[in-house]
Amino acid sequence: MEVKCEYCQIPGAYGNLIYETEYWMVFLAPSQRFLGTGVVVLKRQCNKLSDLESEEWAEFTKIVEKLETTLTKVFNPTLFNWSCFMNKAYRDDPPNPEIHWHFIPRYAHKVEFEGLTFEDPDFGYIPQPIENIIPENIMKKLMDTIKRNL
């Protein structure tokens, strides 16, 4: 029985594509509780970090640098959280984890963008999973701003 990725079958499940490399896709997440939050997704089926190829790791390192540099230039986050939990995949039987990283800029200060204020009341702690869907026109401006500076 072939198990397919739950996200690959759902358009926009990771968000809006903003950048792509040979091995990875970078999406701006649908929820922007932390301005600039995104997801970096491996393009092939891979269930464990230890199964990543050296070329994939090398390219991922470049993406980390590119995203952190870009977001620092544009919004000046205080720090960056990266997570690769894959917990949701194990709610299914059989589980089908896929390598993807959540990229979460964290701010010790308020950030204003297009008339919206973004605050991080959990700064210094594990962020609470609170959704913040911003208006579509502002999401498009956010995407354009990040893409322009990548």
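Note that the structure is predicted; figures quoted are calculated from it, not measured.

The rules we used
- Residues numbered from 1 in each chain as written.
- Predicted model: local features only at pLDDT ≥ 70, side-chain atom pairs only at ≥ 80, totals over all residues.
- Heavy atoms only, no water.
- Salt bridge = Lys/Arg side-chain N within 4 Å of Asp/Glu carboxyl O.
- Helix = DSSP H or I, 4+ residues; strand = E, 2+ residues; numbered from the N terminus.
- Buried < 20%, exposed > 50% of the residue type's maximum accessible area, 1.4 Å probe, protein only.
- Pairing = 2+ DSSP bridges.
- Expected span 1.5 Å × (residues − 1).
- Arc of directions from axis to C-beta.
- Contact = heavy atoms within 4.5 Å.
- Axes fitted to C-alpha atoms, helices over the stretch in contact; angles between N-to-C directions.
- Parallel < 35°, antiparallel > 145°, perpendicular 65-115°, else oblique.
- Left-handed = near helix turned anticlockwise from the far one by under 90°.
- Nonpolar A, V, L, I, M, F, W, Y, C, P; charged D, E, K, R; others polar.

Draft legend 1. Quick peek at the pattern of salt bridges. Inspection of every chain in the model, using the stated rule, returns 6 salt bridges. Asp-144 serves as the salt-bridge partner of Lys-140, at 3.0 Å between the closest nitrogen and oxygen. Residue Lys-140 and its partner Asp-144 are both found in helix H2 (residues 136-149); the two are separated by 4 residues, about one turn of the helix. Its relative accessible area of 30% is what places Asp-144 among the partly exposed residues.

Draft legend 2. Structural context of the pairing of strand S1 (residues 16-20). Pairing of S1 with strand S2 (residues 24-28) involves 4 bridges; the strand directions are antiparallel. Its bridge partner lying in S2, Asn-16 is registered against Leu-28. Joining the antiparallel neighbours S1 and S2 is a turn of 3 residues.

Draft legend 3. Representation of H2 within the structure. Taking 1.5 Å of rise per residue, the 14 residues of H2 would be expected to cover 20 Å, and the 20 Å separating its terminal C-alpha atoms lies within 8% of that figure. When H2 is considered as a whole, its buried residues turn out to be Ile-138, Met-139, Leu-142, Met-143, Thr-145 and Ile-146. The buried residues of H2 all sit within an arc of 165° when viewed along its axis, so they share a single face. Projecting away from the buried face of H2 at angles above 90 degrees are the exposed residues Glu-136 and Arg-148. For H2, the elements touching its buried residues are S1, S2, helix H1 (54-75), strand S6 (111-113) and strand S7 (116-118).

Draft legend 4. Representation of the packing of H1 against H2 within the structure. It is at 9 Å that the axes of H1 and H2 come closest, and there the two elements cross at 120°. On the basis of the axis angle, H1 is oblique to H2. Considering only the axes of H1 and H2, their crossing is right-handed. Here Thr-70, Lys-73, Val-74 and Phe-75 of H1 come into contact with H2, specifically with Leu-142, Thr-145, Ile-146 and Asn-149. Of the residues contributing to the contact of H1 with H2, the split by class is 4 nonpolar, 3 polar and 1 charged.

Distances and angles like these do not, on their own, reveal function.
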